[in-house]
Amino acid sequence: MTAADRHLRLLTETTAAVNSTLDLEEVLHLVADKVADALRADACFVYLYDERADELVLRATHGTSVDELTRRPRMRPGEGITGSAAAERSPVMIPSAAHLDPPLQAVPEPPRGGVESILAVPILAQGERLAGALNVRTLAPREYGQDEVELLVSIADQVAQSILHAQLYAQAQRRVAELEALAKISERCPSRSTSRSRSRRS
């Protein structure tokens, strides 16, 4: 299978995943696995942006298990390569010696295992609001082509759509729970008009 075929399959499968489930975790893990496979990368990390804490939080990986980490990695926009991509709202690539980059060394990320290259892109909701970031890493030096950068940006756009769908679904679920709670309260507490009618009859 050619690189172009792998890229097209990745876009197709990611789009299908986004449209088929509201389980954000499932989509993020699928993206991490499929991106690493399509780009022949050794690892892929997907971060979501926690607006309240102003931090990027690692949510899915390929090449390193999140469950094996003692602390879920976090970074602020602007910190490290991935944080820089998020802050600048544009792709950032280091083709070699990425593990020697001072900003990357300063960020408590998962074990790098001699990472040489990193390509990171932001995840932007509606093209501008920061929703997260994702990166691919290789153990050998690598210069990513423009088509690969554009592919990763397209995948990030699909992830942004999945995040939006998950948020809307969560809001709808909360609203349903609120209405159900109000209905139960109404059943337990008779209305004022009913109470007055009963008092007049007595």
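Described in the following lines is the structure provided in the data block. Small disclaimer: the values here were computed from a predicted structure and weren't measured. (Residues numbered from 1 in each chain as written. Predicted model: local features only at pLDDT ≥ 70, side-chain atom pairs only at ≥ 80, totals over all residues. Heavy atoms only, no water.)

## Things to note about helix 3 (residues 80–88)
Because the α-helix completes a turn every 3.6 residues, residues three or four places apart line up on one side. How we decide: Only protein chains enter the calculation, and the probe is 1.4 Å; a residue is then buried if its accessible area is under 20% of its type maximum, exposed if over 50%, and partly exposed in between. Runs of E in the DSSP output that reach at least two residues are strands. Runs of H or I that reach at least four are helices, and both are numbered from the N terminus.
With 7 of its 9 residues buried, helix 3 lies for the most part within the structure. A positive backbone phi angle near 55° is found at Arg89, which sits one or two residues after helix 3.

## A word on the nonpolar core
Applied cut-off: Residues belong to one nonpolar core when they are buried, are Ala, Val, Leu, Ile, Met, Phe, Trp, Tyr or Cys, and are joined through side-chain atoms within 4.5 Å. Note on contacts: a residue pair is in contact if any heavy atoms of the two residues lie within 4.5 Å.
Judged by nonpolar contacts, the single largest core of 32 residues is most densely connected at Val35, Ile123, Leu134 and Val136. Only helix 2 (24–38), strand 1 (43–50), strand 5 (117–125), strand 6 (129–138) and helix 5 (146–188) provide two or more residues apiece to this core. Excluding its chain neighbours within four sequence positions, the residues that come into contact with Val35 are Leu10, Cys44, Val136, Leu152 and Ile155. Membership of the second largest hydrophobic core comes to 10 residues, among which are Leu56, Leu58, Met75 and Ala86.

## A look at unusual backbone geometry
Phi at Ala97 is positive, roughly 55°, even though this residue is not glycine. Examined against the element boundaries, Ala97 turns out to sit in the loop between strand 4 (92–94) and helix 4 (102–106). Of note, Gln126 is a non-glycine position whose phi angle comes to about 55°, a positive value. Looking at where Gln126 falls in the secondary structure, it is placed in the loop between strand 5 and strand 6. We classify Gln126 as exposed; its relative accessible area is 69%.

## Some words on the pattern of salt bridges
Using the following cut-off: What makes a salt bridge here is a side-chain nitrogen of Lys or Arg within 4 Å of a carboxyl oxygen of Asp or Glu, nothing more.
Applying the stated criterion to the full structure yields 4 salt bridges. In this structure, Glu55 engages Arg74 in a salt bridge whose closest nitrogen and oxygen atoms are separated by 3.1 Å. Of this pair, Glu55 sits in strand 2 (residues 55–62) while Arg74 sits in strand 3 (residues 74–75), and the two are 19 residues apart along the sequence. On the accessibility criterion, Glu55 (18% relative accessible area) is buried. For Arg74, a relative accessible area of 30% puts it in the partly exposed group.

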